[in-house]
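Per-entry structural report
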2 protein chains.
Amino acid sequence: MAVYQATTSAPVNIAVIKYWGKRDTKLILPTNSSLSVTLDQDHLRSTTTSRADPSFEKDRLWLNGEEEEIKEGGRLATCIKEMKGLRREFEEKNPSEPKLSSYFVHISSRNNFPTAAGLASSAAGFAALVSSLAALYKLPASASELSRIARQGSGSACRSLFGGYVAWEQGSKPDGSDSFAVEIAPQSHWPDMHALICVVSDDKKGTSSTSGMQRTVETSPLLQHRIKEVVPARMAAISKAILAKDFDTFAEITMQDSNQFHAVALDTYPPIFYMNDVSRAIVAVITEYNRIAKEKTGHLKAAYTYDAGPNAVIYTPKENVKEIIELIVKYFPQANTFSDPFGLFGAQGVGAGAVPEGFNTAVAKAFPAGSVKGLIHTKVGDGPRVLDASEALLGPDGLPKA
Amino acid sequence: MAVYQATTSAPVNIAVIKYWGKRDTKLILPTNSSLSVTLDQDHLRSTTTSRADPSFEKDRLWLNGEEEEIKEGGRLATCIKEMKGLRREFEEKNPSEPKLSSYFVHISSRNNFPTAAGLASSAAGFAALVSSLAALYKLPASASELSRIARQGSGSACRSLFGGYVAWEQGSKPDGSDSFAVEIAPQSHWPDMHALICVVSDDKKGTSSTSGMQRTVETSPLLQHRIKEVVPARMAAISKAILAKDFDTFAEITMQDSNQFHAVALDTYPPIFYMNDVSRAIVAVITEYNRIAKEKTGHLKAAYTYDAGPNAVIYTPKENVKEIIELIVKYFPQANTFSDPFGLFGAQGVGAGAVPEGFNTAVAKAFPAGSVKGLIHTKVGDGPRVLDASEALLGPDGLPKA
């Protein structure tokens, strides 16, 4: 008997123009367009296996081995239902295809990074879910079409359907049919964009982005100005900068938009804070690093951005990564060994860090070891990948492999 | 021979609608109106003695016993020159008056609180300077007229020329003649407004407000929206709330405007942060305190506000002060004894603090002792006072008393 199964992986993406606010909370339609860089699945990925089988008694899903309830009308159920709908259309046009749309599915998903790290795991997760079902169902749908479905799982998931540099066009139609992701430029256009993720320790539970962003929509007088005036101009300018591989403009807009996202969070009532003293110190260090770079070379070298949490993501051309890691380690001594996936440091490891010549060390104090609890070095990456059957996460019994 | 000398004291004021941005940096003309509560000089004050004497060889000024240079064309020189100009007009109209405007002055000024505490000492200082010269010169000028001169020393100083609840009308004339302070309501209108200042320890030197606000004017896209749309409506609404003694509205606008000031600071490029993790935790604690108050009584009990530094000022009706001190002390254990000027706690002192019933203690962690390094309990107060000669800060020799 045939086994209908597919396994895919999907990447994390980190926005440089931030998504914050929905105009439709059910369909997940945003109040502004956003733009992100897709990170490399070789380092951070969500892998998902989906199987359809006439013997299954209901749709079931496991995340990192734990079964999750698929709530009626919830985000998971919506994505699965939409994908089955596309399969049904496909079957109607191709009557010889098996009727997979009528079978229940079993889905097993794993992230290769801790969910607790606050690395937008839901974006990679829903992108992997949708692309594994698309592979299972052999759908002819484009990545943009699939992104419209992933969007209904988690807004920013739509951007993980593409590699490289990706815009989520907000659209204007009430049904959301024009709210999807498009590729601004592929990974190959500007492959030297690297990213250093500083995983920041936090002892305070932050406001969830789902509830936080709607509180901002309801109470921040500044958000409307951001939506109407600021973001459209920034989307155009940063897209142009990406096409021109103009890192200075890319960096400036990235940092400004991160700042502004946190500004409207603060303008919310009661206010929302995601950045803490460690996050602020990283801003101060990168600001000083850019100041001396500009003074010496006329160019910026790094761009920080912060999502709805204290972690910093630092985008930089690859030639600066080593210097930046040494700088970060100097202020934020590491408790764990840096994994060094690009082999920058050799056998002796990072060491105690260093600051570039001319750097004003007074811009921040040195923090206790573990304040930045981990560093992840990665780079711009590709879109979802269809994986070999050997990487499947479901066993022959249709249940997650141990 | 006659001694021409006067001593006055002037209060600190803490804004509830924040001043941030100048449209004219020389005349100190703001980009938006602002509003403050004047605090009681019984607790926080700047005292200044001014003397005019034909034997003096130049204008001289001492701050806390240290001589300060009066720079040509600087803020001190401008205020002294403007005051001498008013005296000259007065002498022209009253020819029998001594020609004090032709004499040099010696000025000695002291704050009764540490300058390092970040308590807007320049506002009280320039208000005391201008009012001591007004007393010395026996000027018939109104407080609003004097505020126009104090404004040129330090913008927010203009608001310290009045007690109670004070607006600084931004004005629109290029010469600044319509940019001055007016009284919204005297201290006696709403005398039960108390204030608790939490002096927060900070190991980072913040951006000065003078340079910071102009960077915001130059780089924050959100500031213009705040100036044009948000502040005018808030000025009207909070003035009305003060006249109606409507604490709920007063508190909500106060907190929202503090949040928004820090939001536009963050929207500045590079961003400016004044609040730190301790400041943020105080926001979380007061937010939770208000949440349970609202649940139990339908009303808010406290309003936080933060100037260009990490200190919190908490406005509250006097009946809540004891409860708030206990709450703050619970999260931020004190290293020093609380001075308790209103005698709330008796001989046993504050103790270890307490949280009100129903308070969700998880909103913040307890901080190490000294994170809030001092608490100052004060209340709404009166405007500048003319003091007795016995309180003079200049000796018979025209130099500061030891």
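Because the structure is a prediction, the values reported are computed rather than measured.

1. Regarding the overall build of chain A
- When helices and strands are tallied, chain A shows eight helices and 16 strands.
- In summary, chain A has a C-alpha radius of gyration of 22 Å against a globular reference of 21 Å for 402 residues, a match within 12%.
- On the principal axes, the C-alpha backbone points of chain A span a range of 70 × 50 × 40 Å.
- Of the roughly 15800 Å² of accessible surface on chain A, 52% is carried by carbon and sulfur atoms.
- Of the charged side chains in chain A, 43 are positive and 44 negative, and the gap between their average positions amounts to 2 Å.

2. Details of the interface of chain B and chain A
- Facing 33 residues of chain B, the contacting portion of chain A comprises 32 residues.
- Here chain B meets chain A over a buried area of about 2800 Å², counting both sides, of which 64% is carbon and sulfur.
- If you sort the residues of chain B by the area they bury against chain A, Leu222, Tyr269 and Arg280 of chain B come out on top, with a joint share of 25%.
- One can count zero salt bridges joining chain B with chain A.
- Counting every contact that joins chain B to chain A gives seven residue pairs in polar contact (both at pLDDT 80 or more).
- Listing elements by their share of the side of chain B that touches chain A, those giving two or more residues are α5 (221-243), α6 (247-266) and α7 (277-297) of chain B.
- In terms of residue class, the side of chain B that touches chain A is made up of 16 nonpolar, eight polar and nine charged.

3. Examining the relation of the copies chain B and chain A
- Take chain B, turn it by 180 degrees, move it 0.0 Å along the axis, and it overlays chain A with an RMSD of 0.0 Å. When the rotation and shift are considered jointly, the pair of chain copies conforms to a two-fold rotation axis. Across chain B, the rotation axis passes nearest the C-alpha of alanine 263 of chain B, at a separation of 2.1 Å.
- In this assembly the copies share their binding face: 97% of the residues contributing to the interface of chain B also contribute to that of chain A.

4. Considerations on the pattern of salt bridges
- If you walk through the whole model with that rule in mind, you get 32 salt bridges over all chains.
- Of the charged contacts, one joins glutamate 323 of chain A and lysine 301 of chain A as a salt bridge, the two residues approaching to 2.9 Å between their closest N and O atoms. Taken together, the residues glutamate 323 of chain A in helix α8 (residues 321-331) and lysine 301 of chain A in the loop between α7 (277-297) and β13 (303-306) connect sequence positions 22 residues apart.
- Among the salt bridges present, the one from aspartate 257 of chain B reaches arginine 234 of chain B, with a minimum N-O distance of 2.9 Å. A residue pair is termed long-range when its members are at least 10 positions apart, and aspartate 257 of chain B in helix α6 and arginine 234 of chain B in helix α5 qualify at 23 residues. Considered together, aspartate 257 of chain B and arginine 234 of chain B belong to a single accessibility category, that of buried residues.
- Connected through salt bridges with shared partners, the residues Asp40, Asp42, Lys379, Asp382 and Arg385 of chain A form a single ionic network.

5. Describing the sheet that holds strand β6 (residues 45-53) of chain A
Residues and elements named next belong to chain A.
- Spatial strand order, β8-β7-β9-β6-β1-β16: six strands in an open sheet with mixed pairing. Because the sheet does not close on itself, it has two edges, and the strands there are β8 (66-68) and β16 (385-387). Across the sheet, the axes of successive neighbouring strands diverge by a mean angle of 25 degrees, strand direction being ignored.

6. Concerning empty space enclosed by the protein
- Applying the stated rule across the entire model yields one cavity of 30 Å³ or more.
- Taken as a whole, the largest cavity spans an internal volume of roughly 190 Å³.
- Along the wall of the largest cavity there are 16 residues; nearest its centre are Leu266, Phe273 and Met275 of chain A together with Leu266 and Phe273 of chain B.
- Listing elements by their share of the lining of the largest cavity, those giving two or more residues are α6 (247-266) of chain A together with α6 of chain B.
- Tallied by class, residues from the lining of the largest cavity come to 12 nonpolar, two polar and two charged.

7. Section: the packing of helix α1 (residues 75-93) of chain A against helix α2 (residues 121-136) of chain A
All names here are of chain A.
- Contact pair α1 / α2: the axes reach a minimum separation of 10 Å and the direction vectors enclose 25 degrees. In terms of orientation, α1 and α2 fall into the roughly parallel class. α2 is crossed by α1, and the crossing has right-handed handedness. Only Phe126, Leu129, Val130, Leu133 and Ala134 of α2 make contact with α1, whose side of the interface consists of Arg75, Leu76, Cys79, Ile80 and Met83.
- Classifying every residue of the contact of α1 with α2 gives nine nonpolar, no polar and one charged.

8. Topic: the pairing of strand β5 (residues 34-38) of chain B
Residues and elements named next belong to chain B.
- In terms of residue burial, β5 counts as a mostly covered element, since five of its five residues are buried.
- Burial along β5 is two-sided: Ser34, Ser36 and Thr38 and Leu35 and Val37, pointing in opposite directions, are all buried.
- Strand direction decides the pairing type here: strand β2 (residues 13-17) and β5, joined by four bridges, are antiparallel. Across the sheet, residue isoleucine 17 finds its bridge partner in β5, namely leucine 35.
- Taken together, the four bridges between β5 and strand β10 (residues 165-169) define a ladder with antiparallel strand orientation. Looking at β10, one finds that serine 34 is bridged to tryptophan 168.

Rules and cut-offs
- Residues numbered from 1 in each chain as written.
- Chains lettered and ligands numbered in written order.
- Predicted model: local features only at pLDDT ≥ 70, side-chain atom pairs only at ≥ 80, totals over all residues.
- Heavy atoms only, no water.
- Helix = DSSP H or I, 4+ residues; strand = E, 2+ residues; numbered from the N terminus.
- Rg over C-alpha atoms; globule rule 2.2 N^0.38 Å.
- Areas by Shrake-Rupley, 256 points an atom, 1.4 Å probe, with all protein chains shown as cover.
- Lys, Arg positive; Asp, Glu negative; His and termini not counted.
- Charge placed at Lys NZ, Arg CZ, Asp CG, Glu CD.
- Contact = heavy atoms within 4.5 Å.
- Buried area = accessible area lost by both parts, 1.4 Å probe.
- Salt bridge = Lys/Arg side-chain N within 4 Å of Asp/Glu carboxyl O.
- Polar contact = N/O pair within 3.5 Å; in protein donor to acceptor, adjacent residues only side chain to side chain.
- Nonpolar A, V, L, I, M, F, W, Y, C, P; charged D, E, K, R; others polar.
- Least-squares fit on C-alpha atoms with pLDDT ≥ 70 in both.
- Buried < 20%, exposed > 50% of the residue type's maximum accessible area, 1.4 Å probe, protein only.
- Pairing = 2+ DSSP bridges.
- Axes fitted to C-alpha atoms, helices over the stretch in contact; angles between N-to-C directions.
- 1 Å grid on protein atoms, 1.4 Å probe; cavity = no way out; pocket = protein on both sides within 12 Å on 5 of 7 lines; lining within 4 Å.
- Points joined across faces, edges and corners; volume = space filled by probe spheres on them.
- Parallel < 35°, antiparallel > 145°, perpendicular 65-115°, else oblique.
- Left-handed = near helix turned anticlockwise from the far one by under 90°.

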